[in-house]
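This is what each chain is made of:
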Amino acid sequence: MEGSSPKTKVYKRRWLIVSLFCLYSMSNAYQWIHLNIIANIITKYYNASLPEDRFQRETTVDWLSMIYMLAYIPLIFPSTFLLNKKGLRVCALAGAFLNALGAWLKVACVSQDRFAVLMFAQTICAIAQIFILGLPAKIAAVWFGPNEVSTATSLGVFGNQVGVAIGFLVPPILVPNSESLDEIGNDLSIMFYAGAGYMTLLFILVIIIFKERPPHPPSKAQMLALQNVHEEHYGRSLLNLFKNIGFDLLTITYGVNTGCYYAISTLLNPIILEYYPGHEESAGQIGLTIVIAGVGGSIAAGIWLDKTRTYKGTTLGIYFLSMAGMVAFTFTLDIKILWVVFLCAGALGFFMTGYLPVGFEFAAEITYPESEGTSSGLLNASAQFFGIILTIGCRAMINKVGTLGSNLLISGTLLVGTICTGFIAADYRRQEAGKEILEQMDNALEIEISEKYTEKSRMADAENDNRI
């Protein structure tokens, strides 16, 4: 049987690969939000090189976050093509290198007239994330067994979430608000140098440790994917995805949910400071609460999916609870009790951030055998698109109406997303492919056993004839 059945095996190295990915994904996510959580301080320090109009000035600082979203949209297609054709290692090296390069460029930004340089450095980091966000589902499929893929995808997203958490928590501590611009500059310099050193170390580790794939595939489904990889045509794969109505709906709903998360994260500083002036550290801690709760939600959702495989029901349930959490967060901000805000922010984060790996895995299920990198890349592009629209829209609402109007806009958007999710068909193609392979193997085994039994019967009959 061993000669006729290709070998599958899971390797211990898979945990090292996914852990290293988590670390450098974490560092890139940190760079996404670490400036906007202290947006009022960044605006004060770089005021000389920012527009005079208030809305333009604040929106310009918001672009330090939104540049991550904008850069992703046009570059996702070439980066996904690179992932499919050159593989995991090339993309991991590109992401880690650009991440470190952007971090070192920020070291040169500590001057009040260098906001343009800071934006350029942030743009380099934004390009780096293109080689990061689409990897969790691909790493899970290439390195992990069939009962581990959802958990592994959750762990991959986990690193990104922890990076956002650190980006919320650390900058308000390292760069406190001060009347002295020189003090702010010194604090920014310390933060930038520390980040650059850490990200350079990660780049070196990726060069040494990160491997393309294991010697043998971890599952029968991945074995089939490897057999078909040379026949895969990127343009045809994209066309197949766009023709899949369920995936089209999921792309929109995933983009709406994650775009809401991006908008809240980008604007958390002004949202909290409107109700709690001078509480920059509290704004960071509330962001930390959202993300840490989301980490728990991601892991719980991954384990739940591995056990139940109920992708449609889980996606719909989490989406609805994300909307409910946002409504609770909106109407508790005004009661001036900070611990209640923390509690509601935690509930919001548990479901909204916990949705991220569920969306990836649902997409992998309903689009099999198309590449996980392609489907997750399109989901992320949608998230960036809606993130830009919602961030600009919410910033305008904050300036014209107030934070309440901004939060109600996000709540209403999540309601529409929940309704649309209900129309996605539960077409579990990856599960069906796995069942078909097992059935074929069982049939082959039954035939082999039957042939051996027949042969033994013939030998026994011949032996009895000889005795007679």
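Located above this text is the structure these notes cover.
Each value, and the rule that gives it
- Residues numbered from 1 in each chain as written.
- Predicted model: local features only at pLDDT ≥ 70, side-chain atom pairs only at ≥ 80, totals over all residues.
- Heavy atoms only, no water.
- Helix = DSSP H or I, 4+ residues; strand = E, 2+ residues; numbered from the N terminus.
- Buried < 20%, exposed > 50% of the residue type's maximum accessible area, 1.4 Å probe, protein only.
- Contact = heavy atoms within 4.5 Å.
- Polar contact = N/O pair within 3.5 Å; in protein donor to acceptor, adjacent residues only side chain to side chain.
- Axes fitted to C-alpha atoms, helices over the stretch in contact; angles between N-to-C directions.
- Left-handed = near helix turned anticlockwise from the far one by under 90°.
- Nonpolar A, V, L, I, M, F, W, Y, C, P; charged D, E, K, R; others polar.
- 1 Å grid on protein atoms, 1.4 Å probe; cavity = no way out; pocket = protein on both sides within 12 Å on 5 of 7 lines; lining within 4 Å.
- Points joined across faces, edges and corners; volume = space filled by probe spheres on them.
- Salt bridge = Lys/Arg side-chain N within 4 Å of Asp/Glu carboxyl O.
- Patch = residues over 30% accessible without salt bridge, like charges linked within 9 Å, V, L, I, M, F, W, Y side chains within 5 Å.
- Areas by Shrake-Rupley, 256 points an atom, 1.4 Å probe, with all protein chains shown as cover.
- Disulfide = S-S within 2.5 Å.
- Core = buried A, V, L, I, M, F, W, Y, C linked by side-chain atoms within 4.5 Å.

Asker: Sorry if this is basic, but what is going on with the environment of Ser265 here?
Answerer: In this structure, Ser265 sits in helix α11 (residues 245–275). When its relative accessible area of 3% is taken as the criterion, Ser265 is described as buried. Spatially, the C-alpha atoms of Ser265 and Ile290 are 9.2 Å apart, while their sequence positions differ by 25 residues. Setting aside residues up to four positions removed in sequence, Ser265 forms contacts with Trp32, Ile33 and Phe168. Reaching out from Ser265, the side chain makes a polar contact with the backbone oxygen of Tyr261 at a distance of 2.9 Å.

Asker: Hey, could you run me through the packing of helix α4 (residues 88–107) against helix α6 (residues 135–143) in this one?
Answerer: The relative placement of two packed helices comes down to the angle between their axes together with the axis-to-axis distance. Contact pair α4 / α6: the axes reach a minimum separation of 11 Å and the direction vectors enclose 145°. Like other packed secondary-structure pairs, α4 and α6 cross with a definite hand, here left-handed. Taken together, the residues of α6 that come into contact with α4 (itself represented by Leu88, Cys91 and Ala92) are Leu135, Lys138, Ile139, Val142 and Trp143. Looking at the contact of α4 with α6, its residues break down into 7 nonpolar, no polar and 1 charged.

Asker: Whenever I open this one, empty space enclosed by the protein confuses me. Can you help?
Answerer: Empty space among the atoms becomes apparent when a probe as large as a water molecule is rolled across them. Scanning all chains against the criterion turns up 3 cavities of 30 Å³ or more. Gln129, Leu133, Asn160, Tyr262 and Asn380 are, among the 22 residues lining the largest cavity, the residues nearest its centre. For the lining of the largest cavity, the secondary-structure elements that each account for two or more residues are α1 (13–33), α3 (54–86), α7 (149–174), α11, α15 (355–367) and α16 (372–400). For the lining of the largest cavity, the element with the most residues is α1, which contributes 5 residues.

Asker: Even after reading the chapter, I still don't get the layout of surface pockets, so can you show me in this structure?
Answerer: Considered as a void within the structure, the second largest pocket measures approximately 270 Å³ in volume. Taken together, 13 residues make up the lining of the second largest pocket; nearest its centre are Asn40, Glu58, Asn269, Pro270 and Arg395. Taken together, the elements giving at least two residues each to the lining of the second largest pocket come down to α2 (39–45), α3, α11 and α16. The biggest single contributor to the lining of the second largest pocket is α11, with 4 residues. Along the lines of polarity and charge, the residues of the lining of the second largest pocket split into 4 nonpolar, 4 polar and 5 charged.

Asker: Hey, could you run me through the side chain of Thr314 in this one?
Answerer: You can see Thr314 is positioned in helix α13 (residues 311–332). Engagement of the side chain of Thr314 in a polar contact is seen with the backbone oxygen of Thr310, the distance being 2.7 Å. Sequence-distant contacts of Thr314, defined by excluding residues within four places in its chain, comprise Trp304, Leu305 and Val358.

Asker: Would you mind showing me how to read the pattern of salt bridges here?
Answerer: Close approach of charged atoms lets side chains of opposite charge pair. Summed over all chains, the structure comprises 4 salt bridges. The residue Glu179 makes a salt bridge to Lys44 at a minimum N-O spacing of 3.9 Å. With Glu179 in the loop between α7 and α8 (181–209) and Lys44 in helix α2, this residue pair connects regions lying 135 residues apart in the sequence. By relative accessible area, which is 75% here, Glu179 ends up exposed.

Asker: Can you help me understand the side chain of Asn380 in this one?
Answerer: Within the secondary structure, Asn380 sits in helix α16. Assessed through its relative accessible area of 2%, Asn380 is described here as buried. In this structure Asn380 touches Tyr72, Leu133, Gly134, Tyr254 and Phe360, once residues within four positions along its chain are discounted.

Asker: What's the story with a nonpolar patch on the surface in this structure? I'm lost.
Answerer: On the surface, Val327, Phe331, Leu404 and Leu408 cluster together into a nonpolar patch covering about 340 Å² of accessible area. If you list the elements that add at least two residues to the nonpolar patch, you get α13 and α17 (403–421). Tracing the backbone shows Leu404 in helix α17.

Asker: Please clarify how the state of the cysteines should be interpreted in this entry.
Answerer: Disulfide: a covalent bond connecting the sulfur atoms of a pair of cysteines. With the rule as written, the count across this model stands at 0 disulfides. Left without a disulfide partner, Cys394 is nearest to the cysteine sulfur of Cys260, which lies 7.5 Å away. Using a relative accessible area of 1% as the deciding quantity, one classes Cys394 as buried.

Asker: Even after reading the chapter, I still don't get the nonpolar core, so can you show me in this structure?
Answerer: In a soluble, globular protein the nonpolar side chains are often hidden away together inside. If you look at the biggest cluster of nonpolar residues, it comprises 99 residues, and the most contacted ones within it are Ile42, Tyr46, Phe115, Leu188, Ile272 and Phe329. Looking at this core element by element, the count peaks at 14 residues for α11. Aside from chain neighbours lying at most four places away, what touches Ile272 is His279, Ala283, Ile286, Phe329 and Leu333. Counting residues in each nonpolar core, the second largest holds 27 residues, with Ala92, Ile132, Val142 and Phe144 among its members.

Asker: For this particular structure, what's the right way to read unusual backbone geometry?
Answerer: Note: most peptide bonds trans; most residues except glycine with negative phi. Phi at Lys336 takes a positive value of approximately 65°, unusual for a residue other than glycine. Tracing the backbone shows Lys336 in the loop between α13 and α14 (338–352). By relative accessible area, which is 47% here, Lys336 ends up partly exposed.

Structural measurements only, silent on function.
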